[in-house]
Amino acid sequence: MPFKTFLRSADTEATEITTALDKSNGIITFDTSGNILSANDQFLRCMGYSFEEIKGKHHRIFVEPNLHDSLDYKNFWECLRRGEFQSSLYKRIGKGGREVWIEASYNPIKNRQGVTHKVVKVCTDVTERHLEHIDLRGKAEAISKSQAVIEFTPDGTVITANENFLSLLGYTLREIEGRHHSTFVDPAEHGGADYRAFWESLRQGRFQAAQYKRIGKGGRVVWIQASYNPVFDTSNRLSKIVKFATDITRQVELLDQLKALIDNNFTEIDAALSAAGRQAEDAAQRSGATQGTVQTVAASAEELAASAREIADSMIRSRQAASTAMDETGNADRAAARLTEVAKAMGGIVDLISSIASQINLLALNATIEAARAGEAGRGFAVVANEVKNLANQSANATAQISKEIEGMQAVSSDVVASLGNIRQATSNLMEFVTVSAGAVEEQSAVTGDMSTNMQNASASVSAVDHNIGAINSAITQIASAVSETKEAAKVLAR
């Protein structure tokens, strides 16, 4: 190819490259003092200016004021004037004080004499990406400050670890760098299927998080709450495993102490519940027996109350009968008194009849004397007088007999009056006894009725107690079940 053709071809290619860069990057040109010569639209949009606003101004309008006179800023331009290339991530200030982050390269352009006569800056706005990076870095630093962090290769080899992790396990980075994760695991777990499955799961990109028992330097047991996080590169290949951990050794120790305390307390609770269950069962049996006894006593009390009521009724009737007997005795006493009076009256009549008989007898005697004087003429009168005398004698004899009978009747009447007096006194005593007994029976009947009512209430109360004991027994069973479940939950908590 002829040289001129080559030059034209090279110029064309350079133009095409420049055009492509101009479309995708911000481009600005400075003289060697830093004054702006030109700027493309990408750069102007990035900084928020128009070209007229920045033309001929110094590069420092895009730099924080505190850097304007700094030694670093002076050295930066001195290096460019010497033709030294500069490339980095830069913080710049756009219009209105807006922060802009750019990935930029400052390219010194030399003339044919090899002297730098201008600087072309090619940049890309990475503000959003950089802020995201700062945010992620800030989070990572915050996590690193508060948590133990260690990184492994996919096969479990230690890459690095922060100070929190090293302090937690008691190692220096040099002591663990390049060693396998199994360094921190109980030797009994090294060759186990679970441990192999753990790392296989991580290599497959599956996140792992749990509480883990780890072994620190010198065999010290450490408990951690940790997450193992698979990290992938831009090609979605697993590049490493990052582990974030928090020391929970003290909590686990407290949980172990709590578990021991819970086990001890639950043992005591179990014993208490067993004793309470036995007592409740025994109480239920005794309550059942007591209920039967109380019901029997209540039935007996009811029968006793009924008997007391019958006795009270009988005593009332007895009091009424005694009262009637008392009244009849009084009537008989009065009749006997009248009989005595009649007997006395009859005695007077007998005396009168005896007196009359005596007079008749005396008249008969006189008549006989007179008849004797009269002789034959007085014989018939003498017969009559004799008959009158006989009748007078018979009357006297009959009167004497009647008098004896009346005396006997008076004696009997006196005996009857005396007996009736004794009967009246006995009946009065019986009346008083029946009255007192009736009052006592009535009082006993009332007491017995109250006792029967109370025993019925007691029977109902015992029944309620029996029901409540059954409920208590059921509650004890439920409590025992709840305690058992709580015990299992405490075991889970202690793990």
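Everything quoted here is computed from the prediction, not taken from an experiment.

The rules behind the values
Residues numbered from 1 in each chain as written. Predicted model: local features only at pLDDT ≥ 70, side-chain atom pairs only at ≥ 80, totals over all residues. Heavy atoms only, no water. Buried < 20%, exposed > 50% of the residue type's maximum accessible area, 1.4 Å probe, protein only. Helix = DSSP H or I, 4+ residues; strand = E, 2+ residues; numbered from the N terminus. Arc of directions from axis to C-beta. Contact = heavy atoms within 4.5 Å. Pairing = 2+ DSSP bridges. Axes fitted to C-alpha atoms, helices over the stretch in contact; angles between N-to-C directions. Disulfide = S-S within 2.5 Å. Core = buried A, V, L, I, M, F, W, Y, C linked by side-chain atoms within 4.5 Å. Phe/Tyr/Trp six-rings, centres within 6.5 Å; stacked < 30°, edge-to-face > 60°. pLDDT = per-residue confidence, 0-100. Salt bridge = Lys/Arg side-chain N within 4 Å of Asp/Glu carboxyl O.

Caption draft 1: How the structure looks around helix α8 (residues 193-203). Along α8, the residues classified as buried are Y195, F198, W199, S201 and L202. Angularly, the buried residues of α8 cover 155 degrees about the axis, an arc narrow enough to put them on a single face. In α8, the exposed positions angled more than 90 degrees off the buried face are occupied by A193 and R196. Here the buried face of α8 lies against β6 (148-152), β8 (208-215), β9 (221-232) and β10 (238-247).

Caption draft 2: Broad picture of helix α4 (residues 71-81). Of all the positions in α4, only Y73, F76, W77, C79 and L80 are classed as buried. Take α4 and look down its axis: the buried residues cluster within an arc of 155 degrees, on one side only. Immediately downstream of α4, the backbone of G83 shows phi near 85 degrees, a positive value.

Caption draft 3: Fine view of the sheet that holds β9. Across the sheet, 5 strands lie side by side as β7-β6-β10-β9-β8; this open sheet has antiparallel pairing. Sheet topology places β7 (158-161) and β8 at the edges, where each strand pairs with a single neighbour. Between one strand and the next, the sheet's axes are offset by a mean angle of 30 degrees, whatever the strand orientation.

Caption draft 4: Main features of the sheet that holds strand β5 (residues 116-125). Taken in spatial order, the 5 strands make up an open sheet running β2-β1-β5-β4-β3, and their pairing is antiparallel. Strand pairing shows two members of the sheet lacking a second neighbour, β2 (36-39) and β3 (86-93), which therefore form its edges. Between one strand and the next, the sheet's axes are offset by a mean angle of 30 degrees, whatever the strand orientation. By the bridge criterion, 3 bridges tie strand β1 (residues 26-30) to β2 in an arrangement that is antiparallel. Note on β2: the bridge partner recorded for T29 is S38.

Caption draft 5: Here's a closer look at the state of the cysteines. The full count for this structure, using the stated rule, is 0 disulfides. In this structure C46 is a free cysteine whose sulfur lies 5.5 Å from that of C123, the closest cysteine sulfur available. Assessed through its relative accessible area of 2%, C123 is described here as buried.

Caption draft 6: View of the environment of E163. One can find E163 in helix α6 (residues 163-169). On the accessibility criterion, E163 (61% relative accessible area) is exposed. Taking the C-alpha atoms as reference points, E163 and I150, separated by 13 residues in sequence, lie 9.5 Å from one another.

Caption draft 7: Representation of the nonpolar core. Residues I150, F152, F165, I176, F184 and Y228 are the most contacted members of the largest nonpolar core, which totals 24 residues. Among residues more than four places away in sequence, those in contact with F152 are T157, V158, I159, H181, F184, W199, Y228, K240, I241 and K243.

Caption draft 8: Region of the structure containing the pairing of β10. Sheet topology places β6 next to β10; 5 bridges connect them, and they run antiparallel. Each residue of the ladder has a partner; that of A148, found in β10, is A245. Judged from the 9 bridges that link them, β9 and β10 form a sheet pairing that is antiparallel. Bridge assignment links S227 to a residue of β10, and that residue is F244. Linking β9 back to β10 in an antiparallel pair, the connection comprises 5 residues, with N236 at a positive phi of about 65 degrees.

Caption draft 9: Expanded view of the packing of aromatic side chains. A complete count under the given rule lists 16 aromatic pairs for this structure. Between F76 and Y90, the ring centres sit 6.2 Å apart and the planes meet at 70 degrees, which makes this aromatic pair edge-to-face. Of this pair, F76 sits in helix α4 while Y90 sits in strand β3; the two residues are 14 residues apart in sequence, bridging distant segments of the chain. Judged by centre distance (5.4 Å) and plane angle (80 degrees), the rings of F165 and F184 are edge-to-face.

Caption draft 10: Just the confidence of the model for the protein, in detail. Put simply, the protein has an average pLDDT of 80, and 68% of its residues get 70 or more. When the criterion is pLDDT under 50, residues 1-7 qualifies, and its contacts beyond four places in sequence or with other chains add up to 1 contact.

Caption draft 11: Focus on the pattern of salt bridges. Here the structure, examined in full by the defined rule, presents 14 salt bridges. Its salt-bridge partner being E175, residue K217 comes within 2.8 Å of it at the nearest N-O pair. Taken together, the residues K217 in the loop between β8 and β9 and E175 in helix α7 (residues 173-176) connect sequence positions 42 residues apart. On the basis of relative accessibility, which here comes to 29%, the residue E175 falls in the partly exposed class. In this structure, R237 engages D233 in a salt bridge whose closest nitrogen and oxygen atoms are separated by 3.5 Å. Looking at R237, the relative accessible area reads 53%, which means it is exposed. Via salt bridges that share partners, E78, R81, R82 and E84 belong to a single interconnected network.

Caption draft 12: A look at the environment of L168. Relative to the helices and strands, L168 resides in helix α6. When its relative accessible area of 11% is taken as the criterion, L168 is described as buried. Taking the C-alpha atoms as reference points, L168 and G216, separated by 48 residues in sequence, lie 7.7 Å from one another.

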